[in-house]
Number of protein chains: 2
Amino acid sequence: MDRLETRELAYFVAVAEELHFGKAAERLGIAQPPLSRAISRLERRMGVRLLERTSRRVALTDAGAVFLGESRQLLDSLDAAVRRAQRARQPGRLVMAVRPGSASGLVADLVRSAEVGSHDVVFTHDRPAALRDGRADVALLCIGTDDLTGLRTAVLTEEAPYALLPRDHPLARRTVVTVAELAQDAHFDPECPTVGLDEIVDRVVLGRLVTVVGSGAVERIPSEVAAVPVSDLLPTRLALAWPEGASRPAVTAFVRSARAAAARRALDAKDTGAVAVQG
Amino acid sequence: MDRLETRELAYFVAVAEELHFGKAAERLGIAQPPLSRAISRLERRMGVRLLERTSRRVALTDAGAVFLGESRQLLDSLDAAVRRAQRARQPGRLVMAVRPGSASGLVADLVRSAEVGSHDVVFTHDRPAALRDGRADVALLCIGTDDLTGLRTAVLTEEAPYALLPRDHPLARRTVVTVAELAQDAHFDPECPTVGLDEIVDRVVLGRLVTVVGSGAVERIPSEVAAVPVSDLLPTRLALAWPEGASRPAVTAFVRSARAAAARRALDAKDTGAVAVQG
DNA sequence: AGGGTCGATACCCTGAAGGTATGGATCGTC
DNA sequence: GACGATCCATACCTTCAGGGTATCGACCCT
């Protein structure tokens, strides 16, 4: 059995998603008969029935469901591979993905301290995806909220959790709150939201949201929003992440220097007390 | 830019490994000119120079080195995807990879307790690879010694470390030893070896090896070999592992029942004291 | 029964992939 | 420094896999 071609994977994904040969063919920009043949040949070569089809119904078999997931992942990985190779043209240049609004002093420190060539920082909400699709080489993300599958991480720092509340909220003048107290509010959403900080702030100001952010974000909120330490939440662990099997020396060099920079920052913070948990 | 085909990846890998178009073409079973053209077209479509070539020398560019790693991984993943789909034909049937000689009561318990359909157990030394290439659905491996990249794990049990020594070894009659004491022996090899237990035993009997194994293996060694608890090593953590993104319900069901079985085992052991660390 | 829908089959055709011959650059050697 | 050897690139030809059109056959719904 010779090797499957990516075209065949793309064809199968289209049919598996549409569950309709005609629609899938249209989506692929080809006619229906060649698509039928391609799928048949694919099944024959794999030795597995992927789709159960009558003239009225197309359905995935168990094997087909598995292969659909695998195929999607493979096609994504292929695109990622190309992007990574394209960006590796400048071997020293790294791209770091950061959530908009989270570019605190930490990010500046990382960029400043890196010994490797030049850097770019892309701001995007879906940082794990940016790593997986090859748009970025490293990313700053939260352990526990972000999806870490396929990524390696190095914890850089911990951020104390702060509740964001409207100025006139009953809990706004407290020195410390608990999750249970916050949960009283109908607008409480404990998930580290995937939207930008600016949008979070807007929604809090309007009384539409009560949520928790890391201490790094506190210095960036306007006076209309109160930030109150949360006593019974574990600190958010901020980590530098990069794809497994990253073969670029610049990545490992950057990780090393980032660890050192984070350690220095932690020392400074202890000395001055500026970023202490108690605020 | 339309999508790269796996054939192009395979061609590139061949050239990148041989660093010689003629040799690579021979390996691929095609003539040299089509290979040259395929690589050129690949580079043109990607917009990146992958190989630096003169009539005397072929070398990888930085981008090429990155793309080589990515391509290898993609081709492996493709083969794995096909195998996984093929085996998913029997959705209930699971294949578990176990190291030869480590099929202690734990494995039997796992297989017995599983609620899902039928199971197979394959015995192989390279269990992580068996998971990655799709030969197995789950595997039993050691955290700390096996490579866990791309795998999810659930720790099932901890095994106390025992030193294996020839019967007539100076330390053989001790009730407990330390790593420092073992290290005196020129044949001491602390790495959890990747060979089978039978080979380990053979080498220990011949006085060619002193090593450490988990308590599960102790009941399987002959009387010519002494097993002495090691006091200053952390217990080996045995974990069930499976590939990230496994989309088969049978896998998650098996993991759940395995966790339960391991918990029951731990309780039994505590009651009877049979597998206690003190032996 | 008849029309509509949809996947499979039959048959044809185009173009991409592969083969052969050869060019052109570079290195080693006498 | 001319010559041969080596090796990648180019030119040109050939083949067949992949795609198109027409149509069949199965199935559902009035």
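It should be emphasised that the depicted structure is a prediction, and the values quoted were computed from it without experimental measurement.

**What to know about the protein's contact with DNA strand C**
Okay, so step 1: In the vicinity of DNA strand C, 23 residues are found, and the nearest of them are Ser36 and Arg53 of chain A together with Tyr11, Ala31 and Arg37 of chain B.
Okay, so step 2: Close to the protein, within 4 Å, the atoms of DNA strand C are drawn from sugar and phosphate at a rate of 60%.
Okay, so step 3: The side chain of Arg56 of chain A places a nitrogen or oxygen atom 2.9 Å from a base oxygen of DNA strand C.
Okay, so step 4: Where the surface near DNA strand C is concerned, the elements lending two or more residues are α2 (21–28) and α3 (32–46) of chain A together with α1 (6–18) and α3 (32–46) of chain B.
Okay, so step 5: The residue makeup of the surface near DNA strand C, split by class, is eight nonpolar, eight polar and seven charged.

**Concerning the relation of the copies chain A and chain B**
Okay, so step 1: Each copy of the sequence occupies a distinct position, and chain A is placed on chain B by a rotation of 179° and an axial shift of 0.1 Å, giving an RMSD of 0.3 Å. A rotation of that kind, with that shift, is consistent with a two-fold axis.
Okay, so step 2: With an isologous cut-off of 70% or more, the 100% of interface residues of chain A that recur at the interface of chain B puts this contact in the isologous class.

**Things to note about the domain arrangement of chain A**
Note on interface size: it is often stated as the accessible area lost on association of the parts.
Okay, so step 1: On domain assignment, one finds that chain A holds domain 1 (6–86), domain 2 (92–158 + 236–272) and domain 3 (161–229).
Okay, so step 2: Centre-to-centre separation of domain 2 of chain A and domain 3 of chain A, based on C-alpha positions: 25 Å.

**A few points about the packing of α1 of chain B against helix α2 (residues 21–28) of chain B**
Residue and element names in this part refer to chain B.
Okay, so step 1: Look at α1 against α2: their axes get within 8 Å of each other, and the N-to-C directions meet at 135°. As summarised for this structure, α1 and α2 are arranged oblique, according to the angle between their axes. Note on packing geometry: the crossing formed by α1 with α2 is right-handed. Contact residues: α1 offers Ala10, Tyr11, Val13, Ala14, Val15, Glu17 and Glu18, while α2 offers Phe21, Lys23, Ala24, Arg27 and Leu28.
Okay, so step 2: Taken together, the residues of the contact of α1 with α2 sort by class into eight nonpolar, no polar and four charged.

**With respect to the interface of chain A and chain B**
Okay, so step 1: Taken residue by residue, the interface counts 36 residues in chain A and 36 residues in chain B.
Okay, so step 2: Counting the surface chain A buries against chain B, the share from its top three residues, Arg3, Val66 and Leu74 of chain A, is 16%.
Okay, so step 3: At the boundary of chain A and chain B, one finds six salt bridges.
Okay, so step 4: Across the pair Asp79 of chain A and Arg3 of chain B runs a salt bridge whose closest N-O atoms are separated by 4.0 Å.
Okay, so step 5: Summed over the shared surface of chain A and chain B, the result is 14 residue pairs in polar contact (both at pLDDT 80 or more).
Okay, so step 6: Contributions of two or more residues to the side of chain A that touches chain B are made by α1 (6–18) and α4 (62–87) of chain A.
Okay, so step 7: With 16 residues, α4 of chain A is the largest single contributor of residues to the side of chain A that touches chain B.

**A look at the protein's contact with DNA strand D**
Okay, so step 1: As a structural note, the neighbourhood of DNA strand D is formed by 23 residues, with Tyr11 and Ala31 of chain A together with Ser36, Arg53 and Arg56 of chain B the closest of them.
Okay, so step 2: Restricting attention to atoms of DNA strand D within 4 Å of the protein, one finds that 62% of them are sugar or phosphate atoms.
Okay, so step 3: Between a phosphate oxygen of DNA strand D and a side-chain N or O atom of Tyr11 of chain A, the distance comes to 2.8 Å.
Okay, so step 4: One of the side-chain N or O atoms of Ser36 of chain B is found 2.8 Å from a phosphate oxygen in DNA strand D.
Okay, so step 5: Contributions of two or more residues to the surface near DNA strand D are made by α1 and α3 of chain A together with α2 and α3 of chain B.
Okay, so step 6: For the surface near DNA strand D, the class distribution of residues is eight nonpolar, eight polar and seven charged.

**Digging into the pattern of salt bridges**
Okay, so step 1: All chains considered together, the criterion is met by 35 salt bridges over all chains.
Okay, so step 2: Among the ionic pairs, Arg27 of chain A bridges to Glu18 of chain A, the shortest N-O distance being 3.0 Å.
Okay, so step 3: A relative accessible area of 44% places Arg27 of chain A in the partly exposed class.
Okay, so step 4: Under the relative-accessibility criterion, Glu18 of chain A is labelled partly exposed at 30%.
Okay, so step 5: For Arg49 of chain B, the salt bridge is made with Glu43 of chain B, and the minimal N-O distance between the two is 3.5 Å.
Okay, so step 6: For Arg49 of chain B, a relative accessible area of 43% corresponds to the partly exposed category.
Okay, so step 7: Through salt bridges with shared partners, a single network forms among Glu17, Glu18, Arg27 and Arg72 of chain A.

**Details of the environment of Val210 of chain A**
Residue and element names in this part refer to chain A.
Okay, so step 1: With respect to the secondary-structure elements, Val210 resides in the loop between α8 (197–205) and β8 (211–214).
Okay, so step 2: Taking the C-alpha atoms as reference points, Val210 and Pro229, separated by 19 residues in sequence, lie 13 Å from one another.
Okay, so step 3: Residue contacts for Val210: discarding those within four places in its chain leaves Leu164, Leu165, Pro166, His169, Leu182, Asp185, His187, Phe188 and Asp189.

So, how was this worked out
Residues numbered from 1 in each chain as written. Chains lettered and ligands numbered in written order. Predicted model: local features only at pLDDT ≥ 70, side-chain atom pairs only at ≥ 80, totals over all residues. Heavy atoms only, no water. Near = heavy atom within 4 Å. Polar contact = N/O pair within 3.5 Å; in protein donor to acceptor, adjacent residues only side chain to side chain. Helix = DSSP H or I, 4+ residues; strand = E, 2+ residues; numbered from the N terminus. Nonpolar A, V, L, I, M, F, W, Y, C, P; charged D, E, K, R; others polar. Least-squares fit on C-alpha atoms with pLDDT ≥ 70 in both. Contact = heavy atoms within 4.5 Å. Domains from an automatic or database assignment. Axes fitted to C-alpha atoms, helices over the stretch in contact; angles between N-to-C directions. Parallel < 35°, antiparallel > 145°, perpendicular 65-115°, else oblique. Left-handed = near helix turned anticlockwise from the far one by under 90°. Buried area = accessible area lost by both parts, 1.4 Å probe. Salt bridge = Lys/Arg side-chain N within 4 Å of Asp/Glu carboxyl O. Buried < 20%, exposed > 50% of the residue type's maximum accessible area, 1.4 Å probe, protein only.

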